[in-house]
Amino acid sequence: MKPGPLALAIAGGLLGALPLIHYNATSGWPHLGLAGDLRLGPEIAAGPYGLGHTLRYLEALFWRGLPAMLGAHSPHLGPLPRAGLNFYLYLAALAGSLAGLAGLLRRGRRPEGRLAWLPAAVLLLNLAVVVGTHYGSQVEQDRPRYLLWLYLALPFCWAWLGQTLAQWRPRLAPALAPALALGLCLLHAQEYPDFRSEWGTSLLKSEGGFYFQREAAYRGLLLQARQAGLEHLYADETRGVFYRPNPDLGAYELDFLAGPHLQVVDFDADKRPRQAALVDASHSPGFYHAGLGPQLEFLGLGHQVLGGKIFHSFQEPQGVDRLLDPQGFTAQGLDGRPLGRVLSDGNFRTGFHTQGPARPGEGFVLDLGGAHLVAGLSLIPTAQHEVPAGLKVEGAGDDGVFHLLRQTGSYGAPLYVSGPRPFLKARFGRVETYFSARPLRQLRVTHLGHSRHHWSVQQALVFGPGQAPVEASWQQSLELALSEVERSGLKRIYADAWPAAHLELRQGGRVWTVTANRFRTVHGQAFPSDQRPLEVDVAVGSAILVNRRAAGLTARSLENSGVSFTSQDLGRFTLFKLGGYLMGPAWPLAAAISETDPQSARRLAGGRLAQGRWSSQGPQRQGQGLSLDLGQERLVEWVILDNPGHPNDFPRQLAARASGDGESWRPVDLSLAGPLIFSGELPLTYPGGQSVYRLQPAVKTRHLRLELAGDEPVWWWSVQGITLAAPAGQGRMARR
């Protein structure tokens, strides 16, 4: 090929790939396999690429990949055995392919045969990609589809070989092509029965592969769903064992059979973001999952069942127009240990946790401080997998006699209500139950069965009837919210699963939001991670959209965190437009003193430690602390502790004392104020790499001592930077 056309071809390829190149360049080159956090195959984290990888991938190519592509071995059987007829047939086929490749390269050097370079270049370039990046690990995992490029060049290699043999023996030329074709077919066909048998169907069985053996029955069920008025359906896409028959069709196969009038997606991990958002935004979808019945009974919403597997037409929970104020709530474990306010303190880092995988009889009693009309309970776990295996919820009035409210022996994933209907999603996951309103003072929650995971409850939300139900429908409320978002020019919205899906469909690209679907790109990436809570950016242009029943507690949380905001009721929603943290100027520290690690404490007074840290020098113990000297009396309202290099080393219980002379100390009221995360229902505090505390009321003092008020058996207390700030309005107002 001439240099000019070759340069134009390269330029055209680069121009066409520009969007992909830009994405990779800004995302650590994940699709070239160069990023250290690339996840491949069955959740394998790849490390830095090196020469050892090249040698491993070349070996996998020879013993696993090429035998499968040349038809000498089935991919699920591991490496090709080093003996037997297939091994020698494979060597013959490989030798012929390599001879053809060499012949193409040689012919490409001649002026009349330059086009022969094209198939050879395709083969060599893709070979370099497989053995030169982490994509070679796919071949190691017996995934030969990453070698499909071989079939682009193989016909040309065999054609060159056939032409060469014909020139050597002209009389054999007419028989060469059929002989080569027959040999290749036989080589592939001898492995075909084994491959098909892995999917439950022998080679000559006429009814087709496993997926469509019951096609007529599935089509009939999907037709019934459409006739029942369903337009959107969730299904399970779980595949427990590779290369083995599965007991049911998954979401993708059902979507193929359903046609254009019924959209089917996976429950929470569909790799089609647009389709997932369409179903998430549906007002009344169906759930195709035979084992979901017990969880739906525990949720407590009336519904219909179609064919024993499709649950649909859910009723909305009644009498849950108000989120009870948790100020007076306390809790106690069923084993007698006091839990205090950890389930109602608005702090996502405190709560109830089992000591290991959850077992029968573990749980807690939540005391509401008095009798309230109660119609629902929502339990927020640490992560979506820390849900119970089974659960029993009982209630008692002032007489202390407990009665069963809801019970299920089977619970698999968070099932909760967002907007008008239930969701089975990892993001914003909550364990919820609803029942007829009744006066209750105590709620007893008991784990049933054995779980493989811990069971955690970070916050417990209790619902009851409101004084005046909102007349606007969910759809009318949604239209009000979407119109206000567009009119206000907001750029970042924190919203629960149902409104977030509508925001993605209507405002996608113009407004940032996070849908509940686990995968948010067609490549399967999930950013931000659904294993971590969603941190709130409170800067101007951000807003939180909550169910109106949570508006009061949301306003209190934002006020306590010192966030500037305005709120607006929009039917069944309330929109909080955020304006940043408000606080006065930061005061300089004259000294920082500590009994543990005094040298690092002194360095803290000079500013944030770029390297190193002050620490408790061991697990947190009550009484350990830092004494801070401002040099003169200052009015202090805010205390900010930074520890980004050690995000788990935040103080679990922190108290404060103030002094004018450094000798006579008095306790002052210190409360956690931030940072904030969004749980789907309302914002909660989330200390970690930074912890924001508030003195209420503000304290005029020269000396301030921060002191641990309890023990933590595992984590240290680390500080890399301290900021003490005045109340908003003192001196020049600052926004963080």
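Definitions and limits used
- Residues numbered from 1 in each chain as written.
- Predicted model: local features only at pLDDT ≥ 70, side-chain atom pairs only at ≥ 80, totals over all residues.
- Heavy atoms only, no water.
- Patch = residues over 30% accessible without salt bridge, like charges linked within 9 Å, V, L, I, M, F, W, Y side chains within 5 Å.
- Areas by Shrake-Rupley, 256 points an atom, 1.4 Å probe, with all protein chains shown as cover.
- Salt bridge = Lys/Arg side-chain N within 4 Å of Asp/Glu carboxyl O.
- Helix = DSSP H or I, 4+ residues; strand = E, 2+ residues; numbered from the N terminus.
- Buried < 20%, exposed > 50% of the residue type's maximum accessible area, 1.4 Å probe, protein only.
- Phe/Tyr/Trp six-rings, centres within 6.5 Å; stacked < 30°, edge-to-face > 60°.
- Lys NZ or Arg CZ within 6 Å of the ring centre and 35° of its normal.
- Pairing = 2+ DSSP bridges.
- Contact = heavy atoms within 4.5 Å.
- Core = buried A, V, L, I, M, F, W, Y, C linked by side-chain atoms within 4.5 Å.
- Axes fitted to C-alpha atoms, helices over the stretch in contact; angles between N-to-C directions.
- 1 Å grid on protein atoms, 1.4 Å probe; cavity = no way out; pocket = protein on both sides within 12 Å on 5 of 7 lines; lining within 4 Å.
- Points joined across faces, edges and corners; volume = space filled by probe spheres on them.
- Nonpolar A, V, L, I, M, F, W, Y, C, P; charged D, E, K, R; others polar.
- Parallel < 35°, antiparallel > 145°, perpendicular 65-115°, else oblique.
- Left-handed = near helix turned anticlockwise from the far one by under 90°.
- pLDDT = per-residue confidence, 0-100.

**With respect to a nonpolar patch on the surface**
Here is step 1: Together, Leu6, Ile10, Leu14, Leu15, Leu18 and Ile21 give the surface a local cluster of nonpolar side chains, amounting to about 550 Å² of exposed area.
Here is step 2: Of all the secondary structure elements, the ones that give two or more residues to the nonpolar patch are α1 (3-16) and α2 (18-26).
Here is step 3: For the nonpolar patch, the element with the most residues is α1, which contributes four residues.
Here is step 4: Counting through the fold element by element, Leu15 comes out in helix α1.
Here is step 5: Look at Leu15 and you get exposed, because its relative accessible area is 60%.

**Some details on the packing of aromatic side chains**
Here is step 1: According to the stated counting rule, one finds 21 aromatic pairs in the structure shown.
Here is step 2: By the ring-pair criterion, three or more aromatic residues cluster together here, those being Phe62, Trp63, Phe87, Tyr88 and Tyr90.
Here is step 3: One residue, Arg272, lies across the ring of Tyr252, its end atom 4.5 Å from the ring centre.
Here is step 4: Across from the ring centre of Trp512, 3.7 Å away, lies the NZ or CZ of Arg492, which sits over that ring.

**Some points on the sheet that holds strand β21 (residues 534-535)**
Here is step 1: An order of β21-β32-β33 is seen for the three strands of this open sheet, with the pairing classed as antiparallel. Where the open sheet ends on each side, the last strands, each with one partner, are β21 and β33 (683-685).
Here is step 2: In the sheet, strand β32 (residues 676-678) pairs with β33 via three bridges, with the strands oriented antiparallel. When the sheet's bridge partners are listed, Ile677 is paired in β33 with Leu684.

**Observations regarding the environment of Gln475**
Here is step 1: Looking at where Gln475 falls in the secondary structure, it is placed in helix α14 (residues 474-488).
Here is step 2: For Gln475, a relative accessible area of 33% corresponds to the partly exposed category.
Here is step 3: Sequence-wise, Gln475 and Pro420 are 55 residues apart; in three dimensions their C-alpha atoms are separated by 9.2 Å.
Here is step 4: Apart from residues lying up to four places away in sequence, Gln475 is in contact with Trp498 and Arg506.

**A word on the nonpolar core**
Here is step 1: Counting residues in each nonpolar core, the largest one holds 95 residues, and the members touching the most others are Leu343, Phe364, Leu366, Leu379, Val462, Ile493 and Ile544.
Here is step 2: Counting residues per element, this core draws most heavily on strand β12 (residues 363-380), which supplies eight residues.
Here is step 3: Each residue touching Leu379, except ones within four places of it in the same chain, is listed here: Phe364, Leu391, Arg430, Val431, Val445, Val457, Gln459 and Ala460.
Here is step 4: Core analysis: the second largest hydrophobic core is formed by 30 residues, Ala116, Leu123, Val131 and Leu147 among them.

**Regarding the sheet that holds strand β4 (residues 263-266)**
Here is step 1: In spatial order, the strands read β4-β3-β5-β7-β6; together these five strands make up an open sheet with mixed pairing. Of all the strands in the sheet, the pair left with one neighbour each is β4 and β6 (304-306). Each strand axis lies, on average, 25° off the axis of its neighbour in the sheet, ignoring direction.
Here is step 2: Looking at chain direction, strand β3 (residues 232-235) and β4 are connected through four bridges and run parallel. By the bridge assignment for β4, His232 is matched with Gln263.
Here is step 3: Helix-sheet contacts for helix α12 (residues 273-280) involve β3 and β4, and the interaxial angle to β4 is about 105°.

**A word on empty space enclosed by the protein**
Here is step 1: Under the counting rule described, the total for this entry stands at one cavity of 30 Å³ or more.
Here is step 2: As for the largest cavity, its lining consists of 18 residues, and the residues nearest its centre are Phe348, Thr382, Phe428, Gly429 and Pro533.
Here is step 3: Residue classes in the lining of the largest cavity are distributed as ten nonpolar, five polar and three charged.

**Quick look at the pattern of salt bridges**
Here is step 1: Taken as a whole and assessed by the stated rule, the structure comprises 24 salt bridges.
Here is step 2: Notably, a salt bridge pairs Arg272 with Asp255, separated by 2.8 Å at the nearest N-O pair. Of this pair, Arg272 sits in the loop between β4 and α12 while Asp255 sits in helix α11 (residues 251-258), and the two are 17 residues apart along the sequence.
Here is step 3: We classify Asp255 as buried; its relative accessible area is 17%.
Here is step 4: Close ionic contact of Asp268 with Arg518 constitutes a salt bridge, the shortest N to O distance being 2.9 Å. Placement of Asp268 in the loop between β4 and α12 and of Arg518 in the loop between α15 (497-507) and β21 is noted, with a sequence separation of 250 residues between them.
Here is step 5: Through salt bridges with shared partners, a single network forms among Glu595, Arg657, Arg705 and Glu707.

**Looking at the pairing of strand β19 (residues 459-464)**
Here is step 1: Among the six residues in β19, six count as buried, and that is most of the element.
Here is step 2: Because side chains alternate across β19, one face comprises the buried residues Gln459, Leu461 and Phe463, and the other comprises Ala460, Val462 and Gly464, equally buried.
Here is step 3: One ladder, built from two bridges, connects strand β8 (residues 322-323) with β19; its direction is antiparallel. Pairing of Arg322 across the sheet is with Gly464, part of β19.

**Some words on the packing of helix α4 (residues 85-108) against helix α5 (residues 117-132)**
Here is step 1: Between α4 and α5, the shortest axis-to-axis distance is 8 Å and the interhelical angle comes to 130°. As the angle between them shows, α4 and α5 are arranged oblique. Note that α4 runs across α5; the crossing there is left-handed. Residues Leu101, Leu104, Leu105 and Gly108 of α4 form the contact with α5, whose participating residues are Trp117, Pro119, Ala120, Leu123 and Leu124.
Here is step 2: Among the residues forming the contact of α4 with α5, the class breakdown is eight nonpolar, one polar and no charged.

**Considerations on the confidence of the model for the protein**
One rule of thumb: low pLDDT means the predicted coordinates there are not for detailed reading.
Here is step 1: Averaged over all residues, the pLDDT of the protein equals 85, while 88% of them reach at least 70.
Here is step 2: The low-confidence segment residues 198-212 (pLDDT under 50) makes 32 contacts with residues lying over four places distant or belonging to another chain.
Here is step 3: Below pLDDT 50 for its whole length, residues 732-736 participates in 21 contacts with residues either more than four positions away or in separate chains.

**Describing the packing of α4 against helix α7 (residues 150-168)**
Here is step 1: Their axes nearest at 8 Å, the elements α4 and α7 cross at an angle of 85°. With respect to their mutual orientation, α4 and α7 come out roughly perpendicular. For the pair α4 and α7, the contacting residues are Ala93, Gly96, Ser97, Ala99, Gly100, Leu101, Gly103, Leu104 and Arg107 in the first and Leu154, Phe156, Cys157, Trp158, Trp160, Leu161 and Gln163 in the second.
Here is step 2: A per-class count over the contact of α4 with α7 returns ten nonpolar, five polar and one charged.

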